Amino acid sequence: MAPLLRTTQQWVEKYRPRKVQDVAHQEEVVRTLVNTLETGNLPHLLFYGPPGTGKTTTALAIAHQLFGPELYKSRVLELNASDDRGISIVRTKIKDFAAVAVGSGISGYPCPPFKIIILDEADSMTEDAQNALRRTMETYSKVTRFCFICNYISRIIEPLASRCAKFRFKPLHEDIMLGRIQYICQEEGLDLDQEALSTLSRVSEGDLRRAITYLQSAARMYGSSISSDNIIGVSGIVPDDVLKRLVQACKSGEFDLAHTEVTEIIAEGHPVSQIFSQLFDYVIQSTEMSDEQKARVCERLAEADKCLIDGADEYLQLIDVASNTMRALSNVTQECTYF
Amino acid sequence: MLWVDKYRPRTLDKVMVHTEEAQRLKNLIAQGDCPHLLFYGPTGAGKKTLIMALLREMYGVSAEKVKVENKPWKVEVGARKIELELTTVSSNHHVELNPSDAGFQDRYVVQLIIKEMAKNRPLDVVGNKGFKVLVLNEVDKLSKDAQHSLRRTMEKYSAACRLVLCCNSASKVIEAVRSRCLNIRINAPSRDEILDVLLFIAKKENLVLPPELAGRIVLQSNRNLRRAILCLEACRVQQYPFTKDQVVQTTDWEQFITEISNDILNEQSPKRLFLVRGKLYELLTNCIPPELILKRLLQELMKKLDSELKHEVCHWAAFYEHRLQLGQKAIFHLEAFVAKFMSIYKKFLIATFG
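Since the model is a prediction, treat every value here as computed from it, not as a measurement.

Visitor: Just checking my understanding: could you explain the overall build of chain B for this structure?
Guide: Across its full length, chain B carries 14 helices and 7 strands. A principal-axis box enclosing the C-alpha atoms of chain B has dimensions of 85 × 60 × 35 Å. When burial is assessed residue by residue, chain B has 53% of its 354 residues classed as buried. A total accessible area of about 16700 Å² is found for chain B, and carbon and sulfur atoms account for 52% of it. Charge-centre separation for chain B: the mean point of 54 positive side chains lies 3 Å from the mean point of 41 negative side chains.

So this is what it looks like as C-alpha cells:
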C-alpha cells in the first residue's frame, strides 16, 4: 500500500480570527458588530473592500458568536460563487431558508430571533438573481438577515445596496500586517529578517491572506529561515532587474533590442500581467519621464491589460507595449505614419 | 517509443533541467503535505514532467500505473440535465483531465469531479483520511465562470483533494485562483541546458552527434526542449551517421508560413490577398491555432522590415490578435491583418522609393 498523505491545516484557516473583536484594523465594523452582540439587533449587512481584508472572516465570526456551534447549522446559510446561484436558487433555496421560522435559542449565546444568510462574492451574482432577492429581503426581514460580501460595491444593484448597512473594509496598514505576520512567525518558529518582512508586506499590497499564503509557501519550500529573495520566488513577482532591462531596451530606441528582451521574458515564463503592473509602478514613480510620456505609456498599458483579460496573446501585447513605450520615450509620434 | 517519452525523467532526483525547482518541490512535500500548486511556463519547458515526477515522489511507483477512461458524466443543473463525455487519465492517487474539453460547460465538470473525489477519500489501515490529487491542464483556457467557481471549491474541499494546475500563461488565470495556489514558474530551459540533454540522449543511444549539428538543433528549437528532442530524432531517422551540414528540418506549417510571408512581401494587391487567403485557410483546416499562425507570420515578416515599420506592424498584429480572441471566425482577422500589412507596406514603399 502506498503511503497515505495526511493534510495539514492552511495557516490562513489556522490563524483566522474566531471573534469579531480580533479582526484587525476595521474599527467601525467591529464596533457596530460588538454592539450587536450585546443588543441582538442586526441590520442587513453589506461588506465591501479589497481581498484579504477580513470580510469573510468577520461575517463568519459574527455568525459563530451569535449562535454558537450547535445552532449554527440551522441558523446560518452560507452561499458563494462556487455554489450555483442563478435566479432559480434565489427563488427556491434562499427563499425556503428565509421563510422558516426560528426556534428558541440556547443559553450561553445571544441567539437573536433571526437567521443569517451569508452571500459571499455577491458581485458575481447575476443582476436578475439580485433583483429576485429584493422582495425576499423585505418579506422575511423579521426572521432573516442578509449579509452580502463583495469586492466591488458597484456590481451590487442599488436597490439591494440601499437596504443594507454598508461597511467598507480598508486595506491593512503595513505595521498592522507586520504585527500579525510576526505573531505567526513566532508561533511557527520562523526566522525573518527585516528586509524579508518589508518585502513581504510590499508584495502582498495590503492583502493579509496573500501575505500569509506566501509566508507558508516560503516556509515549506525553503525551511525556517526565509530571505527576501525567497519571498519574491514564491510570490511570482518579476525581479526588478528583468524590468530594468526591458526599460533600458526601450530607452535605447532600438527595436531589435526590445524584441530580444521581450522574447527572453516570455521564455522565462514571467506572467505578462505582472510585468504590466510593475511597469506601471515604475513609470508612475519615474522622475526622468515627462508627464506626456507617462500618459502615453499608461494609456497603452491600460489597453493592453484589457486585451489580456479578453484572452489576447501575451507575447504580442508585450511587444506592442514595449514598442509604444519606446516611441513615447523617444518622443516619436504615436500616430501611424503609413496608416 | 519516442525519445521524448523514453528519456523523460521519472523522478525528481533525475531531472536534468530545473534541478533547483525539483529540489524545492521535494522539500515541499517532505512533510507529507502540499498546498495547491500552479505551474506556469512556456510549452516544452518541462511542467508536465515535473508534475508527474512530483506525483511519483508523493505516492511511489503506483502513481505511474495510469488508466485512460472515457466516462460519461451526468450533471443536473436545476431542472436541466447535461450529459458530457470526458476523457480522464487516472491512477489510484490522481486524476488528470483537460477541463477545456468540455467547452462552455467546463464549470460543471470541474465542480462535479472535485465533489466526486471528495466523496471517495482514500483511507489507510489506521483509518486516517488521505487526499487525492487532481491535475488540471490548460487552466488558462478555462472560462472565467469555471475559474470563479474554483475559488471556493478549492477551499472547501482542500482536505480531500489537492489541485495541481498547469498552464502556459499565468495572466489568463484569475487573481483569486492564483492567490490560493503556490505559484511555480517553470522557465524554458536555456540553450546550454538543451545542449546537455541532447548530448546525453545521443550518448545513451550510442550516436555520434557533431557539435555543429547539435548547436543548430538547439538554435532552432527556440528553447523548447520537447521540440529539440523531437528534432534530434527526426534527424536520426533522416540519415545516420550525422553529417556536420545536415539540414535540420523545420515543420511543414512553418515553412508554409515563410512562403506566405514571401508572397505578401513580393506583391501587395487584392489578387495576392486572395491567394494568401487560400493558404491561410489551408493552415486553419490543418488545425494550426490561428494565434500561432499570426505570431509566426509576424516573426517572418519582421525579419525583412525597417525598424520604423516594425512598431506599426507589431501594433496591428496585437490589435488583430485581440480581435481574433473576441471574434468567432479566425480567418477574418488573419486576413484583415494581411490586408493591413499590405496597405502599410505599400504606402511605405511608395513613400521611400516614389
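Additional details are given in the paragraphs that follow.
Visitor: How should the sheet that holds strand β3 (residues 115-119) of chain A be read in this particular structure?
Guide: Sheets are built from strands paired through backbone hydrogen bonds, the pairs being either parallel or antiparallel. Residues and elements named next belong to chain A. Strands sit in the order β2-β3-β4-β1-β5 across an open sheet of 5 strands; the sheet is parallel. Two strands in the sheet have a free side with no partner beyond their single neighbour: β2 (76-79) and β5 (165-168). Going from strand to strand, the sheet's axes swing by 15 degrees on average, the running direction of each strand aside. Bridge analysis of strand β1 (residues 45-48) against β5 gives 4 bridges, and the strand direction is parallel. When the bridges of β5 are listed, F47 appears paired with F167.

Visitor: Mind showing me how you'd approach a negative patch on the surface here?
Guide: All names here are of chain A. Side chains of D191, D193, E195 and D229 sit close together on the surface and give a patch of like negative charge. Residue position: E195 is located in helix α8 (residues 194-204). In this structure E195 comes out as exposed when scored by relative accessible area, which is 52%.

Visitor: Would you mind going over the interface of chain B and chain A with me for this structure?
Guide: Size of an interface: often given as the accessible area lost when the parts come together. Taken together, the 75 residues of chain B in the interface contact 58 residues of chain A. When chain B packs against chain A, the two sides together hide about 6000 Å² of surface, and 55% of this comes from carbon and sulfur. Remark: the boundary between chain B and chain A carries 6 salt bridges. Its salt-bridge partner being R223(B), residue E268(A) comes within 3.0 Å of it at the nearest N-O pair. At the junction of chain B with chain A, the criterion picks out 15 residue pairs in polar contact (both at pLDDT 80 or more). In terms of residue class, the side of chain B that touches chain A is made up of 28 nonpolar, 23 polar and 24 charged.

Visitor: I tried to follow the packing of helix α4 (residues 87-99) of chain A against helix α5 (residues 127-139) of chain A on my own but got confused; where do I start?
Guide: Helix-helix packing is described using two parameters, namely the angle between the two axes and the distance between the axes. Residue and element names in this part refer to chain A. Orientation of α4 relative to α5, taken along the N-to-C sense of each, is 25 degrees, at an axis distance of 9 Å. Classified by the interaxial angle, the pair formed by α4 and α5 is roughly parallel. As α4 packs across α5, the resulting crossing turns out to be right-handed. Between α4 and α5, the contacting residues are I87, V90, I94, K95 and A98 on the first element and D128, A129, A132, L133 and T136 on the second. Here the contact of α4 with α5 is built from residues that sort into 7 nonpolar, 1 polar and 2 charged.

Visitor: Teacher, can you tell me more about the pattern of salt bridges here?
Guide: Residues and elements named next belong to chain B. Counted by the stated rule, this structure contains 35 salt bridges over all chains. A salt bridge links K279 to E259, with the nearest nitrogen and oxygen atoms 3.4 Å apart. With K279 in helix α11 (residues 270-285) and E259 in helix α10 (residues 252-266), this pair connects stretches of sequence that are 20 residues apart. Taking the relative accessible area as the measure of exposure, K279 reaches 17% and is therefore buried. E259 gets classed as partly exposed once you look at its relative accessible area, which sits at 39%.

Visitor: How should I be thinking about the domain arrangement of chain B in this particular structure?
Guide: Residue and element names in this part refer to chain B. Segmentation of chain B into domains returns domain 1 (3-185), domain 2 (191-238) and domain 3 (252-353). For domain 1 and domain 2, the distance between their C-alpha centres works out to 31 Å. Between domain 1 and domain 2, the contact holds 9 residues from the first and 16 residues from the second. Of the roughly 1200 Å² buried where domain 1 meets domain 2, counting both sides, 71% is carbon and sulfur surface. For the domain 1 face of the interface with domain 2, the top three residues by lost area are W3, Y7 and M16, together amounting to 57%.

Visitor: Explain the pairing of strand β3 (residues 80-90) of chain B to me, please; I cannot follow it from the model alone.
Guide: Side-chain positions along a regular strand alternate between the two faces of the sheet. All names here are of chain B. Pairing between β3 and strand β4 (residues 94-97): 3 bridges, direction antiparallel. Its bridge partner lying in β4, V89 is registered against E96. Here β3 folds back onto β4 in antiparallel fashion, the turn holding 3 residues.

Visitor: Looking at this structure, how should I read the side chain of S171(B)?
Guide: Within the secondary structure layout, S171(B) lies in the loop between β6 (161-167) and α6 (175-178). At 3.0 Å, the side chain of S171(B) forms a polar contact with the backbone nitrogen of S273(A). Residues within four places of S171(B) in sequence aside, it is in contact with P271(A), V272(A), S273(A), L308(A) and E314(A).

Calculation criteria
Residues numbered from 1 in each chain as written. Chains lettered and ligands numbered in written order. Predicted model: local features only at pLDDT ≥ 70, side-chain atom pairs only at ≥ 80, totals over all residues. Heavy atoms only, no water. Helix = DSSP H or I, 4+ residues; strand = E, 2+ residues; numbered from the N terminus. Buried < 20%, exposed > 50% of the residue type's maximum accessible area, 1.4 Å probe, protein only. Areas by Shrake-Rupley, 256 points an atom, 1.4 Å probe, with all protein chains shown as cover. Lys, Arg positive; Asp, Glu negative; His and termini not counted. Charge placed at Lys NZ, Arg CZ, Asp CG, Glu CD. Pairing = 2+ DSSP bridges. Axes fitted to C-alpha atoms, helices over the stretch in contact; angles between N-to-C directions. Patch = residues over 30% accessible without salt bridge, like charges linked within 9 Å, V, L, I, M, F, W, Y side chains within 5 Å. Salt bridge = Lys/Arg side-chain N within 4 Å of Asp/Glu carboxyl O. Contact = heavy atoms within 4.5 Å. Buried area = accessible area lost by both parts, 1.4 Å probe. Polar contact = N/O pair within 3.5 Å; in protein donor to acceptor, adjacent residues only side chain to side chain. Nonpolar A, V, L, I, M, F, W, Y, C, P; charged D, E, K, R; others polar. Parallel < 35°, antiparallel > 145°, perpendicular 65-115°, else oblique. Left-handed = near helix turned anticlockwise from the far one by under 90°. Domains from an automatic or database assignment.

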